[in-house]
Amino acid sequence: MSLASTQFELPALPLAEPRVRRRTFEKATHAILFCCALLSVLTTVSIVAILAVEASRFFQEVSIVEFLTGTRWAPLFKPQHFGILPLVCGTLLVVGGSAVIAIPLGMGTAIFLSEYAPTWLRDTIKPVLEILAGIPSVVYGFFAIVFVSPWVQWLFPSAGVFNAASACIVVGIMVLPMIVSLSDDVLRAVPRSLREGAFALGATKFDVTVGVVVPAALSGIMASFLLAISRAIGETMAVTLAAGATPNLTLNPLTSVQTMTAYIVSISQGDTPVGSPEYLALFAVGLALFVATLLMNLLAQWILARSREVYE
Amino acid sequence: MMAAASRSRRRRMKWVSTLFAAACLASALVCVLMLVVLVWNVVSTGASWLNWSFLTSFPSRNPQQAGILSALAGSLWLIVLTAVVALPVGVGAAVYLEEYARPSRWRSFIQTNIANLAGVPSIVYGILGLGLFVEAMEMGASVLAGALTLSLVVLPVVILTTQEALRAVPGSIRHASYALGATRLQTISRQVLPAALPGIMTGVILALSRAIGEAAPLVAVGAVAYGPFLPAGLNDQFSALPIQIFNWSARPQAEFHQLAAAAILVLLVVLTCMNAVAVFVRYRFGCHSRW
């Protein structure tokens, strides 16, 4: 009896140790991987913390009411003015203008790709859009200055070298692939039976597309617009190069405007003393930017999540 | 009478339908046209400036002598450091979310958080880098601060694409591995990760090609557009290709615009090569594991 138990235990001892070691190793890996995932949460926390802390230092010197309702943005002049409305106006002008360009073009292309295009044409246009999406923002800025802006000036002689119109055009091209690929996906997800039902009732291709397919995919299309607008709000280098750095409370696309992102760039480039109001304003503007894009993204995700439930 | 009216209505509907199709085709063609015009514009402006001395000279006030050596070196430093930081962390986070975390409120919270981080404008990451790395951690406008900032920019992309690649590995492979007595770690490191590697590689390369073209966060962190030096260590000042392009494009003289175009050509060639590698990996290694 005792012999049997010793025989049983002896080989068990050398086996048990690696098993214990392996288990601690497994646990350690689990913990490390968990930390990697936690880092993404920490990134969000630190973005919010840094923006909030530095912006609150800014709001100790400038009242939040003046910041939100002031109509003059002149941080580099004495006396300083910190009314964000001209920057917001500049951003809205560029976002609105780019939406006017990108939404019809993007919808047209998406409808063409999903409803009309033969496979070979689809396989040619899709990569083109992927390339357009992969071109860095600063290249679009160059394109705006060297190509688009001279054309705008030729068409409208009153336009300056830096004008909001050329910024609208290049940002429109930049967000186009986003609208097309998302809208194309949701249009193709519309069940075939809906189209065939409409055809059976005698509808033309136009009726089917505009009356059945697009309404069925509308929430996804809306989400793609929101994501594109969010991207346009945060667009930096192209807008800075194309629209210039003059804070202007205007909706005239032929003048130079400064967007929120362009202000951040202009302050980062200069020798602004750390801790000065104009330096701290950068964080306040960044906070406004972060909140605006976050709201757009959350709304788009919510719409997408809702529309997905309908189909699956 | 009624037949005639309905016939004319039908003809009109047919017209509307054709016109609509033509408009859709036209907008698709405009997309293609835009790419053609953009590339043609860059090539025609910059091609004649592209030569060996352009690649091996420092930036200069004299456009004839200016080159992109420091920008190239800076971009190389940044991309290598970004890969070293973002790759393990991103893949680790994705493995945790896909293989370890059970569906729970905590997991969907992290998932939503990552989706939102992917939508945060890159300039906001630049402000984070400025406040956190440059000021709070006192790294200054160094290569390290720039690379850490870029890592944060691309991290959501790396995580999301890696997750997709891991999700594409069928559960049966994991079950077979467990059935043979492998632990979770062995299953992941010897079965799941190798199977998902082509997808992960593609995603990582695409994320890095985004990092290489990114200028806004580097401007905020404090990259310098000229200065005849190469970064020798992690704490040195740095330039980068997109920063150099930005600086040259912003100047009024046409010569500098031509220099910018030549630098853009270099950047586009680098991006094309990276994308070609990604496509190659996807087709070469993705094909033989067909489940």
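Everything numeric here is computed off the predicted structure, so don't read it as measured data. (Residues numbered from 1 in each chain as written. Chains lettered and ligands numbered in written order. Predicted model: local features only at pLDDT ≥ 70, side-chain atom pairs only at ≥ 80, totals over all residues. Heavy atoms only, no water.)

Asker: Looking at this model, I keep getting lost on the overall build of chain A. Mind explaining?
Answerer: Across its full length, chain A carries twelve helices and two strands. Taken from N to C terminus, the helices and strands of chain A fall in the order α-α-β-β-α-α-α-α-α-α-α-α-α-α. The C-alpha radius of gyration computed for chain A amounts to 27 Å, which surpasses the reference 20 Å derived for 312 residues by more than 25%, pointing to a less compact arrangement than a globule. Evaluated residue by residue, chain A yields a buried proportion of 50% over its 312 residues. For chain A, the share of sequence-separated contacts (at least 6 apart) that also reach a separation of at least 24 residues comes to 69%. For chain A, the accessible surface area stands at approximately 14800 Å², while carbon and sulfur atoms represent 69% of it. Across chain A, 17 positive and 18 negative side-chain charges occur, with their mean positions spaced 5 Å apart. (Helix = DSSP H or I, 4+ residues; strand = E, 2+ residues; numbered from the N terminus. Rg over C-alpha atoms; globule rule 2.2 N^0.38 Å. Buried < 20%, exposed > 50% of the residue type's maximum accessible area, 1.4 Å probe, protein only. Contact = heavy atoms within 4.5 Å. Areas by Shrake-Rupley, 256 points an atom, 1.4 Å probe, with all protein chains shown as cover. Lys, Arg positive; Asp, Glu negative; His and termini not counted. Charge placed at Lys NZ, Arg CZ, Asp CG, Glu CD.)

Asker: Just checking my understanding: could you explain the overall build of chain B for this structure?
Answerer: Counting secondary structure elements, chain B contains eleven helices and zero strands. With respect to the principal axes defined by its C-alpha atoms, chain B has extents near 80 × 70 × 35 Å. Across the 291 residues that make up chain B, the buried fraction comes to 52%. Across chain B, contacts joining residues at least 24 apart in sequence account for 73% of those joining residues at least 6 apart.

Asker: What exactly am I supposed to notice about empty space enclosed by the protein here?
Answerer: Vacant regions in the atomic arrangement are exposed by a probe of water-molecule size rolled over the atoms. Residue and element names in this part refer to chain B. Taken as a whole and assessed by the stated rule, the structure comprises four cavities of 30 Å³ or more. In this model, the largest cavity occupies a volume close to 50 Å³. Taken together, Ser75, Leu78, Ile79, Leu150, Ala211, Ile212, Glu214, Leu218, Ala240 and Pro242 form the lining of the largest cavity. Where the lining of the largest cavity is concerned, the elements lending two or more residues are helix H3 (69–100) and helix H8 (184–213). Residue composition of the lining of the largest cavity, grouped by class: eight nonpolar, one polar and one charged. (1 Å grid on protein atoms, 1.4 Å probe; cavity = no way out; pocket = protein on both sides within 12 Å on 5 of 7 lines; lining within 4 Å. Points joined across faces, edges and corners; volume = space filled by probe spheres on them. Nonpolar A, V, L, I, M, F, W, Y, C, P; charged D, E, K, R; others polar.)

Asker: Hey, could you run me through helix H4 (residues 119–134) of chain A in this one?
Answerer: Because an α-helix packs 3.6 residues into every turn, residues spaced three or four apart end up facing the same way. All names here are of chain A. With 16 residues, H4 extends 23 Å between its outermost C-alpha atoms, agreeing within 8% with the 22 Å of an ideal straight helix rising 1.5 Å per residue. Restricting attention to buried positions, one finds in H4 the residues Leu121, Arg122, Ile125, Val128, Leu129 and Leu132. Seen from one end, H4 has its buried residues packed into an arc of 130°, which puts them on one side. For H4, the exposed residues lying more than 90 degrees away from the buried face are Thr119, Trp120, Asp123 and Glu130. (Expected span 1.5 Å × (residues − 1). Arc of directions from axis to C-beta.)

Asker: How should I be thinking about unusual backbone geometry in this particular structure?
Answerer: What you tend to see is this: most non-glycine residues have negative phi, and most peptide bonds are trans. Residues and elements named next belong to chain B. The phi torsion at glutamate 138 lies on the positive side, around 55°, for a residue other than glycine. Within the secondary structure, glutamate 138 is located in the loop between helix H5 (122–136) and helix H6 (143–167). By relative accessible area, which is 69% here, glutamate 138 ends up exposed.

Asker: Before we go on, may I ask you to explain a positive patch on the surface in this structure?
Answerer: Residues Arg19, Arg22, Arg23 and Lys27 of chain A together with Arg190 of chain B make up a contiguous surface patch of positive charge. Structurally, the position occupied by arginine 22 of chain A is in helix H1 (residues 2–61). Judged by its relative accessible area of 40%, arginine 22 of chain A is partly exposed. (Patch = residues over 30% accessible without salt bridge, like charges linked within 9 Å, V, L, I, M, F, W, Y side chains within 5 Å. Salt bridge = Lys/Arg side-chain N within 4 Å of Asp/Glu carboxyl O.)

Asker: Could you clarify how one ought to interpret the nonpolar core in this entry?
Answerer: Side chains that are nonpolar tend, in soluble globular proteins, to be buried together. Residues Trp73 and Tyr140 of chain A together with Trp248 of chain B are the most contacted members of the largest nonpolar core, which totals 185 residues. In contact with tryptophan 73 of chain A, other than residues within four places in its own chain, are Phe67, His81, Phe82, Gly83, Ile84, Pro86, Leu87, Pro247, Gln258, Tyr263, Ala281 and Val285 of chain A. In this structure, Ala223, Leu227, Ala300 and Ile303 of chain A belong to the second largest nonpolar core, which totals seven residues. (Core = buried A, V, L, I, M, F, W, Y, C linked by side-chain atoms within 4.5 Å.)

Asker: What's the story with the confidence of the model for chain B in this structure? I'm lost.
Answerer: Any region with low pLDDT has predicted coordinates that should not be read closely. Counting all residues, the mean pLDDT for chain B is 88, and 97% of those residues have values of 70 or more. For chain B, helix H2 (residues 52–56) of chain B is the element with the lowest average pLDDT, namely 84, and H6 of chain B is the one with the highest, namely 94. (pLDDT = per-residue confidence, 0-100.)

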